[in-house]
Amino acid sequence: MNSSSGNGGDGGGGTRKKELGWIEWLRGWCSIVGEFLFQRITASHLENPLPLPPLDGITCIVTGATSGIGLEIARQLAESGAHVVMAVRRPRLAHDLIQKWQTENSEKGMLLNIEVMELDLLSLNSVVKFAEVWNARLGPLHVLINNAGIFSIGEPQRFSKDGYEEHMQVNHLAPALLAMLLIPSLIRGSPSRIVNVNSIMHLVGFVETEDMNITSGKRKYTSLLGYSNSKLAQVKFSSILHKRIPAEAGVNVLCVSPGIVRTNVARDLPKIIVAGYKLIPYFIFNAQEGARSSLFAATDPQVPEYCGVLKADEWPVCACISHDCRPTNPSEEAHNLETSQAVWEKTLEMIGLPSNALEKLIEGETVQCRYGSNAEQDDSSTS
């Protein structure tokens, strides 16, 4: 695997800026339109479904596994022999899906190794609880796939009960907290992978660390702004995480673009656009096609080597895989290490972790989070 050519930004320090330049913005939208028009052509070499290697003995956690891309990821990993944990907001729906899959596979004489754990990304307390329960097993985790996400197109600005803009929390903050807290289990599963399902929409995002909730009034909130900013924040945080994890820990960090996919995200679109989605199926991937890049990133044997090359070369961003399962280069803004470091620090502050949390977790030390059981005890004692 070779890193695709592209603009490397400053590759080093970079300068702090206040907004995305219009040339970068225009370039980003050209790339988005180009992907929409040509993604089927550029991915025409891929089989559907993507063939996977045998995954017996591999444990994978998949968030948002009851619909769309996440459902396909979970099902295909399980059918390839992996132990799959569906980390979902609606456990009953997940159990119904498992029953259906088990019935289908029993005819082939196969029993899937799949289970359900509750996880609500709109609650950072829920994320901490999930990680505590999982880490208490003291077993290995080989792959974490942060798939769950939201894009509430055209909807008014909403905030979680933790006080954060919902796109930023679900698409970035909660997955970042989950990845951090599961580091001990990922080290036990080394070589392991954190796969963040991102989006080409990060190309038109810009993260102002002092205005992550987009409430200062400097920028008018739109759902598009909230979504694209959250996806860029995820790339930036992932890049610093990739750089700060020692090579010997064996935990690789990737961001993947599924392409432009017709999934349940479209349920939030205006009706006229939903109708348009149905009229142009040729251009838009179905969920099975959209799952291929995540499955590739989670299972391809060359991925750890590629991540290792980027780390050794001190490449400023983490490994990024495009919808066609090839390495891709994220936006110029994603390469700005100064703003990426600022996003890293601000994210840790927002998710309630100390600045040295990663180092402590890698050393096997206990880290106190502002959220979780301790936070709930504090709440109850003051109520």
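Computed from a predicted structure; not experimentally measured. (Residues numbered from 1 in each chain as written. Predicted model: local features only at pLDDT ≥ 70, side-chain atom pairs only at ≥ 80, totals over all residues. Heavy atoms only, no water.)

**Brief notes about the environment of Leu-112**
Then, number 1: As for its placement among the helices and strands, Leu-112 is situated in the loop between helix H3 (91–106) and strand E3 (114–118).
Then, number 2: For the pair Leu-112 and Ala-78, spaced 34 residues apart in sequence, the C-alpha separation works out to 5.8 Å.
Then, number 3: Sequence-distant contacts of Leu-112, defined by excluding residues within four places in its chain, comprise Ala-78, Glu-79, Trp-101, Gln-102 and Asn-105. (Helix = DSSP H or I, 4+ residues; strand = E, 2+ residues; numbered from the N terminus. Contact = heavy atoms within 4.5 Å.)

**Observations regarding the environment of Glu-35**
Then, number 1: Examined against the element boundaries, Glu-35 turns out to sit in helix H1 (residues 22–42).
Then, number 2: We classify Glu-35 as buried; its relative accessible area is 9%.
Then, number 3: For Glu-35 and Ile-260, which are 225 residues apart along the polypeptide, the C-alpha to C-alpha distance reads 7.5 Å. (Buried < 20%, exposed > 50% of the residue type's maximum accessible area, 1.4 Å probe, protein only.)

**Description of a nonpolar patch on the surface**
Then, number 1: Together, Val-33, Leu-37, Phe-38, Ile-41 and Tyr-282 give the surface a local cluster of nonpolar side chains, amounting to about 490 Å² of exposed area.
Then, number 2: Relative to the assigned elements, Tyr-282 resides in the loop between helix H8 (271–279) and helix H9 (287–290). (Patch = residues over 30% accessible without salt bridge, like charges linked within 9 Å, V, L, I, M, F, W, Y side chains within 5 Å. Areas by Shrake-Rupley, 256 points an atom, 1.4 Å probe, with all protein chains shown as cover. Salt bridge = Lys/Arg side-chain N within 4 Å of Asp/Glu carboxyl O.)

**Details of the packing of aromatic side chains**
Then, number 1: Taken as a whole and judged by the stated rule, the model has 4 aromatic pairs.
Then, number 2: Seen in terms of ring centroids, Phe-36 and Phe-283 are 5.2 Å apart; in terms of plane orientation they differ by 20 degrees. Their pairing is stacked. Taken together, the residues Phe-36 in helix H1 and Phe-283 in the loop between H8 and H9 connect sequence positions 247 residues apart.
Then, number 3: Plain terms: the ring middles of Phe-151 and Tyr-227 are 4.0 Å apart, the flat faces sit at 5 degrees to each other, and that makes the pair stacked. Of this pair, Phe-151 sits in the loop between strand E4 (143–146) and helix H5 (166–181) while Tyr-227 sits in helix H7 (residues 223–244), placing them 76 residues apart in sequence. The same class applies to Phe-151 and to Tyr-227, which are both buried. (Phe/Tyr/Trp six-rings, centres within 6.5 Å; stacked < 30°, edge-to-face > 60°.)

**With respect to the pairing of strand E1 (residues 59–63)**
Then, number 1: Where burial is concerned, most of E1 is hidden: 5 out of the 5 residues are buried.
Then, number 2: On E1, burial covers both faces: Thr-59, Ile-61 and Thr-63 on one face and Cys-60 and Val-62 on the other are all buried.
Then, number 3: Where E1 and strand E2 (residues 83–88) come together, 5 bridges link them in parallel fashion. Residue Cys-60 lies in a different strand from E2, and its bridge partner there is Val-84.
Then, number 4: Here E1 pairs with E4 via 3 bridges, running parallel. Paired with Val-62 across the two strands is Ile-145, which belongs to E4. (Pairing = 2+ DSSP bridges.)

**Quick look at the packing of helix H2 (residues 68–79) against H3**
Then, number 1: Two elements in contact, H2 and H3, have axes separated by 12 Å at closest approach and are oriented at 40 degrees. Between H2 and H3, the angle falls in the class oblique. The handedness of the crossing between H2 and H3 is right-handed. Facing H2, whose interface residues are Leu-71, Ala-74, Arg-75 and Glu-79, H3 presents Leu-97, Trp-101 and Asn-105. (Axes fitted to C-alpha atoms, helices over the stretch in contact; angles between N-to-C directions. Parallel < 35°, antiparallel > 145°, perpendicular 65-115°, else oblique. Left-handed = near helix turned anticlockwise from the far one by under 90°.)

**Observations concerning the sheet that holds E1**
The strands making up a sheet associate through hydrogen bonds between their backbones, and the pairing can be parallel or antiparallel.
Then, number 1: If you trace the 7 strands from one edge of the open sheet to the other, you get E3-E2-E1-E4-E5-E6-E7, paired in parallel fashion. Two strands in the sheet have a free side with no partner beyond their single neighbour: E3 and strand E7 (319–321). Geometrically, the sheet is characterised by an average inter-axis angle of 20 degrees between neighbouring strands, direction not taken into account.
Then, number 2: Sheet strands in contact with H5 are E1, E4 and strand E5 (192–197), and its direction is about 170 degrees off that of E4.
Then, number 3: Here helix H11 (residues 303–312) sits on the sheet and contacts E5, strand E6 (251–256) and E7; the angle it forms with E6, its principal contact strand, is near 95 degrees.

**What to know about the pattern of salt bridges**
Then, number 1: Enumeration according to the criterion identifies 11 salt bridges in this entry.
Then, number 2: Across the salt bridge formed by Arg-137 and Glu-115, the nearest N and O atoms sit 2.8 Å from each other. Taken as a pair, Arg-137 in the loop between helix H4 (124–135) and E4 and Glu-115 in strand E3 lie far apart in primary sequence, 22 residues in all.
Then, number 3: Asp-211 is paired through a salt bridge with Arg-219; the nearest N and O atoms lie 3.5 Å apart.
Then, number 4: Classification of Asp-211 as buried rests on a relative accessible area of 5%.
Then, number 5: Put simply, Glu-72, Arg-75 and Glu-79 are held in one network by salt bridges that share partners.

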